[in-house]
Amino acid sequence: MAKLWLVAKQEYRRIAGKKSFLISTLAVPLLFIVLMVVIVLITIFGEDARPVGYVDHAGILRPEAREALGQDPASTVEIRPYRDEDAARAALEAGEIQGYYVIPADYLSTPAAECVILDKALSDRARSDFWDFMHANLVQQLPEAEARRLYEGAHLSLRTPDGKRQLSDTDFVSALFPIVGAFLFFFSVMSVGGYMLQAVTDEKENRTIEVLMTTLSPEQLMGGKALGLLGVVLTQLGLWGVTVVIGLLVAPLFIANFPQITIPWNMVGVGFLYFLPSLALISGLMIAIGAAVTETRQGQQIAGILNLFFTFPMFFIMVILGNPNHPLSVALSLFPTTAFLTVLLRWGFTAIPTWQMIVGWVLLVGTAIVSVRFAARVFRVGMLQYGQSLTFKNILTALRQSRQEG
Amino acid sequence: MNPTVTISHVSKSFGPVKAVKDVSFEVYPGEIFGLLGPNGAGKTTTIRVMLDIFRPDGGEVTLFGNGMTEAAKHRIGYLPEERGLYKDLKLEPTLIYLATLKGLDEATARQRLGDWLKRFDLYDHRQKKIQELSKGMQQKAQIIATLLHDPDLIIVDEPFAGLDPVNTRLVKEIIEEQRRAGKAIIMSTHQMHQVEALCSRIVLINNGEAVLYGEVDQIRRQFAGNAVMLSGQGNFTGLPGVLEARQQNGDWHLALAVGVSPQEVLRALALRDDIKLERFEIAEPSLEDIFITVVRGGAAPGEE
């Protein structure tokens, strides 16, 4: 066990100490922070916060209509009434307002209004707030409960039969969360796979393996490397995660009506359940590739093809998200290399039947065990063949021999 | 005295190829044991079986009185023929890492490493990346990695490869020093003069079989008469019954084939008009002669 940790520590230091790792790790949060700062600056300085005016020839608008429906006008762009178009025009030319609407006398029969501006369009917020103001006024003749109902509009919520999961159209960020989570989980698994391939080919290229094998078992060596590399990826994800959390805490201070985010803990749990066997599966395959080839580039070419089996759901993401119970989505949830990503992608949009989860997970775990055993056997033979690739025949012979020995 | 290593009737095949066939030998504390043989004879496979990298098809390996254990792994220092270190890492942390894998704590490893680095003149390079070191320096670093954890069994495969004469002498001194400290040392090399200078006993493996095994002096006595030394004018190559003719300090040294006596060679020389013989004497065969006689001529002791 102590040796496992020594290898893990060494591998972690080796990768995390590289400049390229520091740059790639810090670049994402830095980019995110810069993006946030730009958005905040645009919000503060870029948007026209001046009032928007109106001239009501129809006589239907009351300035206090929104207060009556529970809206706080202080949080919106100021909406100023003008007696006539001349007064509104004068205010516009004086720069007091960014534009004004003219509500014609027959507005209720032909609902069209004119917007007058100088050279710059109304800000999105001013336009949105004015039409919100219009809606509040148009429903004001109705009894308060109906007026409020119409003013707020329809909210669609989807709920699973057991009531444990719910999705609402106002909670779009929560719907996005499983997708983002799926990509983060998936990214970490694929990164460990990539690092593992590099680590194994490095050992082979550096010819260090013969000395290590007199000290460590292949399981200690590869297990330690996998742990160290997992630590590397978690460090990276942790840093990025902290940045996102800070972003989510800061964003509501600058963005009005920023949605509240609910973390789908059950999805996080399922993610972890699939995470370790997926990690073992890809690590095993990468170790076998690394042990069988002579140089990193050759390994990367083969790994590139293999990665397609893991990234396959990405090509069908529209099918999976649009129709999460489609036979293809179900098939991909059961297939070991695609199960992890597909299950996470489907999670936000359907209630995956329990049998699919169990069958998919069992198949994944079984394949992962076979993959690790296969890797250990190829590793024993391939790592000592310096400068020579293993042929398919060699690999089969190795497997046969190790079965006899084992 | 109990042997440090006992190899008993070990065999190992790779598919149809029998790499090692029924090889047996023992190595004792305080001796330098030569593991010899031509390329592809099965030496490296024998070492790998000994170190549990390969499992033998038959036979038994005993290290320190037992099979391979975690404790035994910590008592072994191995310098393989195919050697290397992490090229993109710095020298000092790499050697400390390898020593800690062998059970040494980091502080002790660091302390011992300083002395070794100074002895090998690498101290000023300890913070350099290994790829920045010369081939000779990398070789010396590898020797340090083999010895840093103070192993009781040292296995060195071509320890002098890539070293200049000064460092060759230093490594020889260190190997001799380790022997005096009671360590069992197995040395595999093609440099026969180094074997003669250092080894007390050898095993010679050819085509996977141990064809010679015993004390160097005894083996040389067994092969007495299988070499002649002569001087004269003319070309002494291509004589019948002579496996190899080489010039040494102006004299000719001839290794004789199995069953060929020095008298027969002398008779053949007397019949040659293009040769003027000035001196002819039966030489004590060098290990190199014996190696050539056995490997080329297929002889075993007692057959000559």
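Residues numbered from 1 in each chain as written. Chains lettered and ligands numbered in written order. Predicted model: local features only at pLDDT ≥ 70, side-chain atom pairs only at ≥ 80, totals over all residues. Heavy atoms only, no water.

### Comments concerning the overall build of chain B
Helices and strands together make up the secondary structure of chain B, namely ten helices and 13 strands. On the principal axes, the C-alpha backbone points of chain B span a range of 70 × 45 × 40 Å. Buried positions account for 52% of the 304 residues belonging to chain B. In chain B, once contacts between residues fewer than 6 apart in sequence are set aside, the share between residues at least 24 apart is 69%. With an accessible surface of roughly 13,400 Å², chain B has 46% of that area assigned to carbon and sulfur atoms. For chain B, the separation between the mean place of its 35 positive charges and that of its 41 negative charges on side chains is 5 Å. (Helix = DSSP H or I, 4+ residues; strand = E, 2+ residues; numbered from the N terminus. Buried < 20%, exposed > 50% of the residue type's maximum accessible area, 1.4 Å probe, protein only. Contact = heavy atoms within 4.5 Å. Areas by Shrake-Rupley, 256 points an atom, 1.4 Å probe, with all protein chains shown as cover. Lys, Arg positive; Asp, Glu negative; His and termini not counted. Charge placed at Lys NZ, Arg CZ, Asp CG, Glu CD.)

### Here we look at helix α1 (residues 43-50) of chain B
Counting buried positions over the eight residues of α1(B) gives seven, a clear majority of the element. Listed in full, the buried residues belonging to α1(B) are B:Lys43, B:Thr45, B:Thr46, B:Ile47, B:Arg48, B:Val49 and B:Met50.

### Things to note about the confidence of the model for chain B
The share of residues in chain B with pLDDT of 70 or more is 97%, and the mean pLDDT across the chain is 89. For this predicted complex, the interface confidence score (ipTM) comes to 0.77, while the overall pTM stands at 0.72. (pLDDT = per-residue confidence, 0-100.)

### Quick notes on the sheet that holds strand β11 (residues 242-248) of chain B
All names here are of chain B. Within the open sheet, the four strands sit side by side as β11-β12-β10-β13. Their pairing is antiparallel. Of all the strands in the sheet, just β11 and β13 (276-282) have a single pairing partner and so form its edges. Within this sheet the neighbouring strands show an average axis-to-axis angle of 25°, counted without direction. Alignment of strand β10 (residues 227-233) against β13, held across six bridges, turns out to be antiparallel. By the bridge assignment, Gln233 is partnered in β13 with Lys276. Contacting β10, β11, β12 (251-256) and β13, helix α9 (residues 262-270) runs over the sheet at an angle of about 180° to β13. (Pairing = 2+ DSSP bridges. Axes fitted to C-alpha atoms, helices over the stretch in contact; angles between N-to-C directions.)

### Observations regarding the pattern of salt bridges
Within this structure, the stated rule accounts for 29 salt bridges over all chains. Here B:Glu281 makes a salt bridge to B:Arg279, at a shortest N to O gap of 2.5 Å. Residue classification places B:Arg279 among the partly exposed residues on the basis of a relative accessible area of 28%. A single network of salt bridges, built from pairs that share partners, joins A:Glu11, A:Arg14, A:Lys18, A:Asp202, A:Glu203, A:Lys225 and B:Asp88. (Salt bridge = Lys/Arg side-chain N within 4 Å of Asp/Glu carboxyl O.)

### Focus on the interface of chain A and chain B
Each side of the interface is counted separately: chain A has 25 residues, and chain B has 31 residues. Of the roughly 2,600 Å² buried between chain A and chain B on both sides combined, carbon and sulfur atoms contribute 51%. Here chain A is connected to chain B by five salt bridges. A salt bridge links A:Arg14 to B:Asp88; the shortest N-O distance between them is 3.6 Å. Counting the contacts that link chain A with chain B gives eight residue pairs in polar contact (both at pLDDT 80 or more). Residue assignment for the side of chain A that touches chain B shows that the elements contributing at least two residues are α1 (2-16), α7 (172-206), α8 (209-212) and α16 (392-405) of chain A. (Buried area = accessible area lost by both parts, 1.4 Å probe. Polar contact = N/O pair within 3.5 Å; in protein donor to acceptor, adjacent residues only side chain to side chain.)

### Re unusual backbone geometry
Even without being a glycine, A:Arg207 presents a positive backbone phi close to 60°. Along the chain, A:Arg207 turns up in the loop between α7 and α8. Backbone geometry places B:Asp150, a non-glycine residue, at a positive phi of 55°. With respect to the helices, strands and loops of the structure, B:Asp150 is situated in the loop between α5 (135-147) and β6 (153-157).

### Comments concerning the confidence of the model for chain A
Of all residues in chain A, 88% have pLDDT values of 70 or greater, and the mean over the chain is 82. Ranking the helices and strands of chain A by mean pLDDT puts helix α13 (residues 327-334) of chain A first, with 94, and α16(A) last, with 63.

### Some details on the environment of A:Tyr274
Looking at the secondary structure, you find A:Tyr274 in helix α10 (residues 265-292). In this structure A:Tyr274 touches A:Ala339, A:Phe340, A:Val343, A:Met357, A:Gly360, A:Trp361 and A:Leu364, once residues within four positions along its chain are discounted.

### What to know about the sheet that holds strand β9 (residues 209-215) of chain B
All names here are of chain B. Sheet architecture is open: six strands sit in the order β5-β6-β7-β3-β8-β9, paired in mixed fashion. With partners counted over all chains shown, the strands left at the sheet margins are β5 (76-79) and β9, one partner each. Here the average twist between neighbouring strands, direction ignored, is 15°. Note: strand β3 (residues 32-36) against strand β7 (residues 184-188), three bridges, orientation parallel. Note on β7: the bridge partner recorded for Gly34 is Met187. Across the face of the sheet, helix α6 (residues 165-180) comes into contact with β3, β6 and β7 while running at roughly 145° to β7.

### Describing the environment of A:Thr338
Residues and elements named next belong to chain A. One can find Thr338 in helix α14 (residues 336-347). Sequence spacing of Thr338 and Phe309 is 29 residues, and the spatial spacing of their C-alpha atoms is 6.8 Å. Once you skip the residues sitting within four places of it in the chain, Thr338 turns out to touch Phe309, Phe312, Pro313 and Leu332.

### Observations regarding the packing of aromatic side chains
Residues and elements named next belong to chain A. Considering all chains together, one arrives at 16 aromatic pairs over all chains under this definition. Ring geometry for Phe312 and Phe315: centres 6.4 Å apart, planes at 70°, overall edge-to-face. Highlighted residues: Phe312 and Phe315, both in helix α11 (residues 296-315), separated by three residues, approximately one helical turn. Taken together, Tyr54, Tyr101, Phe130, Trp131 and Phe133 form an aromatic cluster joined through their ring pairs. (Phe/Tyr/Trp six-rings, centres within 6.5 Å; stacked < 30°, edge-to-face > 60°.)

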